[in-house]
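A look at the structure
Chain by chain, the residues:
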Amino acid sequence: MLGLAAVYFIAARLGLLLVLPGGHVAPLWPPAGIALGAILLRGSRVWPGIWLGSVATNLVTYYGGPLGGATSLFAAAMFAAGASAAAALGGLLVRRFIGDRDPLARVADVCAFILLGGVVSSLFSASVGATLLGLTGLTLWAEFGRTWLTWWLGDAAGVIIVAPLLLVWRGGWRPPSLARWLELGACFGLLAASTYYAFIGSTSVLFSGNPWSFLMLPFVVWPAVRFGRRGAALAIALVAGIAVWGTIHHTGPFSFSSRTEALLLLQLFLSMVVLTGLGLAAVLIERAETEAAHRRALREMEKTVRERTAALERSEAQARGLLATADRARHALLSILEDERLSAAKLRESEARFRAIFEQAAVGVAQVAPDGRWLDVNQRLCDIVGYSRAELLRKTFQDITHPEDMELDLAYVCRILAGEIQTYAIEKRYLRGDHSVIWVRLTVSLVRGTDGEPLHFVSVVEEISARKQAEEALVASERRFRAIFEQAPLGIAEAETATGRFIDVNHRYAEIFGYTREEFMRLTFEDYTHSEDLEKNRAEVQKLAAGEISSFAMEKRSRRKDGSLIWTRLAVASLAPRGTKSLRSLAIIDDITQRKQAEEDLKAMSGQLRALAARVQLVREEERTAIAREIHDVLAQDLTKLKIDLVWLAKRLAQPPDPASRPAICGRIEDALTQIDTSISEVQRIATDLRPVILDTLGLFAAVEWLAEDFARRTGLKCRAEVARGTSALDRDCATAIFRILQESLTNVARHAQASEVVVRFSEKAGTATLSVSDNGVGITRDRLEDPRSIGLLGMRERAHVFGGSVEISGTPRSGTQVVVRLPIKPAGEP
């Protein structure tokens, strides 16, 4: 009793190190597991030791504190009563359901132990403890629910983690070999490292944030498989200690939740770890017991056969001895014969039972000779491999084994024949009678004779093709998803909805923003979203996280890693069922910067075209006004003068000619002719301004030279034309376009360039007409080039674009401007 009380007291003092800050309750209470373990091992009579240990713990904790002496003693006694009563209740429930069996030897018993011994019994101690804390004023009644939950979770965790440690070590212990020690050290070292990384060294969310957090799971399974329940119990205790320590210090996967949620998640995690470790160990124990029972049954059957055979041999010897004295031993002989008949009947009955079990087994069972021949098979094995019994007995197991699995199977056969192993189990493929391939799980053991010689193998065959196909389909599905994810032309990312932290991104997503995948794991969408679009994006994410919407799409601006601004189209969908809160979401993003730029360019171009159309209309009206002015101011006056002269002449010529008036008439006629010549010149000038006749009569080469000379004459600037004369292949419209572009270029030089010299070059080579206008003026600026109000420049580009050509304008400050026009040559008459 005192020893148990001392152990309970020490465990309680250690457990108090795990008390949450500002509270009186620990999320893991080892004494609860010690109490239940002691009850299950020694019976309910040990409860006084539990009570004494708890009283001592609470007196040391609360005596001399805010509670008075009597109150401290009363509270300690009541706390101890709750702890011992909870342990007794847990032991009663477990034994009532499991009986006297080992509570950790079967999967169902493990589940009952966790549920009854851990979850249910802890309800009582939590209720008593939380109520006493409230009554004594150690905690506020407003905190009753949280205190009760923490107490319950702590006691339950202590039971399912600590009690198995006591239960699995009650038997003997054989020191392992050096290799097993090394394996044990490696296993628990890797388990401690991976658990430390998940709960203390990393702040990622275990089941969604960092895939490396799953690394601890194989190291929980490893000790359960290789070291049984003891290894599983030690592994669970190690994981629980690190997990609890990390959780109460606000690190690990549950640090992002509130304290209540963190404790619930921690308890759920520990329950899963306990169920995984102890459940797997129990499965292996059940399997081992089943195989052992099967071997014992076979040994008993073989022993019975040998005993019956020996009895028959002895009976025959007795019969031969008694035949010599038949008269005296007749009654004894009849008795022996009757015993022989009964023995034979029992032997036949035993063989019939064995045959019934053999034939009706749900798995394939066979006896195989050491050389591989099938000695006996049941019907289930025939159904599995697709051969009749007679066909199978004419074959060896090598005949139906897949060639790729032959070497492994024969290696195990050699080892079992050499005595290195007693049994083996492998997964292999068989070739069925219809030539199809199936997967089976094969368990083989060797039966030896009394002299140690191998008699035959006992093989148990279970078909697992469906399981293998499911595994292959799962792997293929994962491979297809990963291929789609990685090779998609759009950026795809998986993220935590609430925090925006990325779980995974594909190559295209990282490429769009210029970050690496590793850098994205440290970012959220807020880190690169443009400030003007952030609030809208954040609002949509909040509605998605709350389950108000299941998806949303938007266009937004983002900053790349290099600081450049891009436009993206974002579509986000929740991975949770509709109407529920979203924990994770999938985002698909596309870079639409070029499209946005094209839209802006199209808007600008539309504005420019509208301005150009207005400018064309204005120029047309100006030309009409100019023509009307020229006709009115020049031609109308000349024609009026001509009319006056003609009227005067008509009056003079209506009378007989007077020799004295002849000089006056001749003078008037000469004036009229001069006026007519002047009018003709003016008409030619107006026509030339509208369209130079030289362009239609002498061609584009001459028109370029004439325009350069005319520009120099009108502006006083030095203008040199360098024309590579030849036979022009340009059609009329194309030549007109080049001429008008040259006119506009020279007009711009006169208006803006402040130049003293202009050089015009024109040539037709290799199917392309090239016009170059260079000046030595101030040089055009980029702002002027991009100014939508530069209608003249836009008109030049549009004229060239109509004929599939281009206009390139470049300027250097204080060095002048150059305009280069290139048009493909289309022969006259070609559309």
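Here the structure is a predicted model, which means the values were calculated and not measured. (Residues numbered from 1 in each chain as written. Predicted model: local features only at pLDDT ≥ 70, side-chain atom pairs only at ≥ 80, totals over all residues. Heavy atoms only, no water.)

1. A few points about the overall build of the chain
So the rule is basically this: Here a helix means four or more residues in a row that DSSP labels H or I, a strand means two or more in a row labelled E, and each is numbered from the N terminus. Residues count as neighbours in contact if any of their non-hydrogen atoms are within 4.5 Å of one another.
Summing up its helical and strand segments, the chain has 25 helices and 15 strands in all. Look at the contacts in the chain between residues 6 or more apart in sequence, and 59% of them connect residues 24 or more apart.

2. Side note on the pattern of salt bridges
Stated precisely, the cut-off is as follows: What counts as a salt bridge is simple: a side-chain nitrogen of Lys or Arg found within 4 Å of a carboxyl oxygen of Asp or Glu. For every residue, the accessible area obtained with a 1.4 Å probe (protein chains only) is divided by the maximum for its type, and the residue is called buried under 20%, exposed over 50%, and partly exposed between those limits.
A complete count under the given rule lists 26 salt bridges for this structure. Taking the shortest distance from any N to any O, the salt bridge between aspartate 409 and lysine 428 comes out at 2.5 Å. Here aspartate 409 is found in helix 14 (residues 403-417), whereas its partner lysine 428 is found in strand 3 (residues 423-431), with 19 residues between them in sequence. No difference in accessibility class separates aspartate 409 from lysine 428, as the two residues are buried. Arginine 560 is the salt-bridge partner of aspartate 562, the closest N and O atoms lying 3.8 Å from each other. Residue class for arginine 560 comes out partly exposed when judged on its relative accessible area of 23%. Residues joined by salt bridges that share partners form a network here, namely Glu427, Arg467, Lys468 and Glu471.

3. Focus: helix 14
This is how it is decided: What a helix should span is 1.5 Å times the count of its residues minus one. To be clear, the arc concerns the directions from the helix axis to the C-beta atoms.
Spanning 15 residues, helix 14 covers 21 Å between terminal C-alpha atoms, matching the ideal 21 Å at 1.5 Å per step. Listed as buried for helix 14 are Asp405, Met406, Asp409, Val413 and Ile416. Down the axis of helix 14, the sector holding all buried residues measures 115°, keeping them to one side. Residues of helix 14 that are exposed and angled more than 90 degrees away from the buried face: Glu404, Glu407 and Cys414. In this structure, the buried residues of helix 14 make contact with helix 13 (397-400), strand 3, strand 4 (437-448) and strand 5 (454-463). Glycine 419 occupies a position one or two residues after helix 14 and carries a positive phi of about 85°.

4. Structural notes on unusual backbone geometry
The backbone phi angle of histidine 435 is positive, close to 70°, even though this residue is not glycine. For histidine 435, the location among the structural elements is in the loop between strand 3 and strand 4. A relative accessible area of 72% places histidine 435 in the exposed class.

5. Topic: a nonpolar patch on the surface
Put simply, the rule is: Patch criteria: residues need more than 30% relative accessible area and no salt bridge. Like-charged residues are merged within 9 Å; nonpolar side chains of Val, Leu, Ile, Met, Phe, Trp and Tyr are merged within 5 Å. In these tables, accessible area is a Shrake-Rupley quantity obtained with a 1.4 Å probe, and a residue counts as shielded only by the protein chains included in the view.
On the surface, Leu89, Leu92 and Phe124 cluster together into a nonpolar patch covering about 260 Å² of accessible area. In this structure, leucine 92 sits in helix 4 (residues 69-98). By relative accessible area, which is 54% here, leucine 92 ends up exposed.

6. A few points about the environment of alanine 769
Its place among the elements puts alanine 769 in strand 13 (residues 768-775). The spacing of alanine 769 and isoleucine 825 is 56 residues in sequence and 6.2 Å in space, taken between C-alpha atoms. Those residues in contact with alanine 769, other than ones at most four positions away along the chain, are Leu730, Ile738, Phe762, Ser763, Glu764, Val821, Arg822, Leu823 and Ile825.

7. Overview of the packing of aromatic side chains
Counted only if it meets this: Pairing of aromatic side chains requires ring centres within 6.5 Å, counting the rings of Phe and Tyr and the six-membered ring of Trp. Pairs whose planes differ by under 30 degrees are stacked, by over 60 edge-to-face, and all others tilted. Comment: the charge-over-ring label is applied if NZ (Lys) or CZ (Arg) is within 6 Å of the ring centre and within 35 degrees of the ring normal.
Scanning the entire structure with this criterion turns up 11 aromatic pairs. Between the aromatic rings of phenylalanine 513 and phenylalanine 520, the centroid separation amounts to 6.1 Å while the plane-to-plane angle is 75°, which identifies the pairing as edge-to-face. For phenylalanine 520, a relative accessible area of 0% puts it in the buried group. Its end group placed over the ring of tryptophan 439, lysine 468 keeps NZ or CZ at 4.4 Å from the ring centre.

8. A closer look at helix 23 (residues 732-753)
The end-to-end C-alpha separation of helix 23 is 30 Å, in line with the 32 Å expected for 22 residues at 1.5 Å each. One or two positions beyond helix 23, positive phi appears at glutamine 754, with a value near 55°.

9. Focus on the pairing of strand 1 (residues 364-368)
To keep it simple, the criterion reads: Should DSSP find at least two bridges between two strands, the strands are taken to pair.
Among the 5 residues that make up strand 1, 4 are buried, leaving the element largely enclosed by the rest of the structure. Judged from the 3 bridges that link them, strand 1 and strand 2 (residues 374-377) form a sheet pairing that is antiparallel. Looking at the pairing, alanine 366 lines up with valine 377 of strand 2. The antiparallel pairing of strand 1 with strand 2 creates a hairpin that spans 5 residues between the two strands, and glycine 372 there sits at a positive phi of about 105°.

10. So, the sheet that holds strand 9 (residues 565-574)
How we decide: Axes here refer to lines fitted to C-alpha atoms; in helices the fit is confined to the stretch in contact. Angles between the N-to-C directions go from 0 to 180 degrees.
With antiparallel pairing, the 5 strands of this open sheet are ordered in space as 7-6-10-9-8. Only two strands of the sheet have a single neighbouring strand rather than two, namely strand 7 (502-505) and strand 8 (551-559). If you compare each strand with its neighbour and ignore which way they point, the axes differ by 25° on average. Sheet analysis places strand 9 next to strand 10 (residues 584-591), joined by 7 bridges and oriented antiparallel. Bridge pairing in strand 10 links arginine 569 to aspartate 590. The sheet strands contacting helix 18 (residues 531-545) are strand 8, strand 9 and strand 10, and the helix crosses strand 8 at an angle near 150°.

11. A few points about the side chain of serine 774
Position of serine 774 among the secondary structure elements: in strand 13. A relative accessible area of 16% places serine 774 in the buried class. Those residues in contact with serine 774 that lie beyond four places of it in its chain are Glu757, Val758, Val759, Arg761, Thr817 and Gln818.

12. Quick notes on the pairing of strand 15 (residues 816-824)
Both strand 13 and strand 15 contribute to a ladder of 7 bridges, which runs antiparallel. By the bridge assignment, valine 773 is partnered in strand 15 with valine 819. Both strand 14 (residues 806-812) and strand 15 contribute to a ladder of 7 bridges, which runs antiparallel. Within strand 15, the position partnered with valine 807 by the bridge is valine 821. Linking strand 14 to strand 15, which pair antiparallel, is a turn of 3 residues; within it arginine 814 sits at a positive phi near 65°.

13. Let's talk about the environment of leucine 583
Residue placement: leucine 583 occurs in the loop between strand 9 and strand 10. Considered as a pair, leucine 583 and alanine 495 are 88 residues apart in the sequence and their alpha carbons are 8.6 Å apart. Other than its neighbours up to four places away in sequence, leucine 583 contacts Ala495, Glu496 and Thr497.

14. Quick look at the sheet that holds strand 14
Spatially, the 5 strands line up as an open sheet ordered 11-12-13-15-14, and their pairing is mixed. Every other strand in the sheet has two partners, leaving strand 11 (718-723) and strand 14 as the edge strands with one partner each. With strand direction ignored, the average angle separating the axes of adjacent strands in the sheet is 10°. Pairing analysis gives 6 bridges linking strand 11 to strand 12 (residues 757-765), with the strands arranged parallel. Across the sheet, alanine 721 pairs through a bridge with valine 760, a residue of strand 12. Sitting on the sheet, helix 22 (residues 700-715) touches strand 11 and strand 12, and the angle it makes with strand 11 is about 170°. In the packing of helix 23 onto the sheet, contacts are made with strand 12, strand 13 and strand 15, and the angle to strand 13 comes to roughly 10°.

15. Examining the packing of helix 22 against helix 23
Quick reminder of the rule: If an angle is under 35 degrees, it is roughly parallel; if it is over 145, roughly antiparallel; if it lies from 65 to 115, roughly perpendicular; otherwise it is oblique. Take the far helix as the reference: if the near one is turned anticlockwise from it by less than a right angle, the crossing is left-handed, and if turned clockwise, right-handed. Asp, Glu, Lys and Arg are counted as charged, while Ala, Val, Leu, Ile, Met, Phe, Trp, Tyr, Cys and Pro are counted as nonpolar; the rest, among them Gly, fall into the polar class.
At a minimum axis separation of 11 Å, helix 22 and helix 23 run at an interaxial angle of 20°. Viewed along their axes, helix 22 and helix 23 adopt a mutual orientation that is roughly parallel. Considering the relative orientation of helix 22 and helix 23, their crossing is right-handed. Only Ala735, Ile738, Phe739, Leu742, Gln743, Leu746, Val749 and Ala750 of helix 23 make contact with helix 22, whose side of the interface consists of Leu700, Ala703, Val704, Trp706, Leu707, Phe711 and Thr715. Split into classes, the residues belonging to the contact of helix 22 with helix 23 amount to 13 nonpolar, 2 polar and no charged.

16. What to know about the confidence of the model for the chain
Here is the rule we go by: Residue-level confidence of the predictor, termed pLDDT, takes values from 0 up to 100.
The pLDDT averaged across the chain works out to 75; a share of 67% of its residues lies at or above 70. Looking at the elements of the chain, mean pLDDT is at its lowest for helix 10 (residues 326-360), recorded as 60, and at its highest for strand 3, recorded as 91. Overall, residues 204-210 carries pLDDT values under 50, and its contacts beyond four positions in sequence, including any with other chains, amount to 23 contacts.

17. Things to note about the environment of leucine 442
Relative to the assigned elements, leucine 442 resides in strand 4. Residue leucine 442 is classed as buried on the basis of its relative accessible area, which comes to 3%. Taking the C-alpha atoms as reference, leucine 442 lies 5.4 Å from alanine 425; in sequence the two are 17 residues apart. Every residue in contact with leucine 442, bar those within four places of it in the chain, is listed here: Asp409, Tyr424, Ala425, Ile426, Lys428, Tyr430, Ser459, Val460 and Val461.

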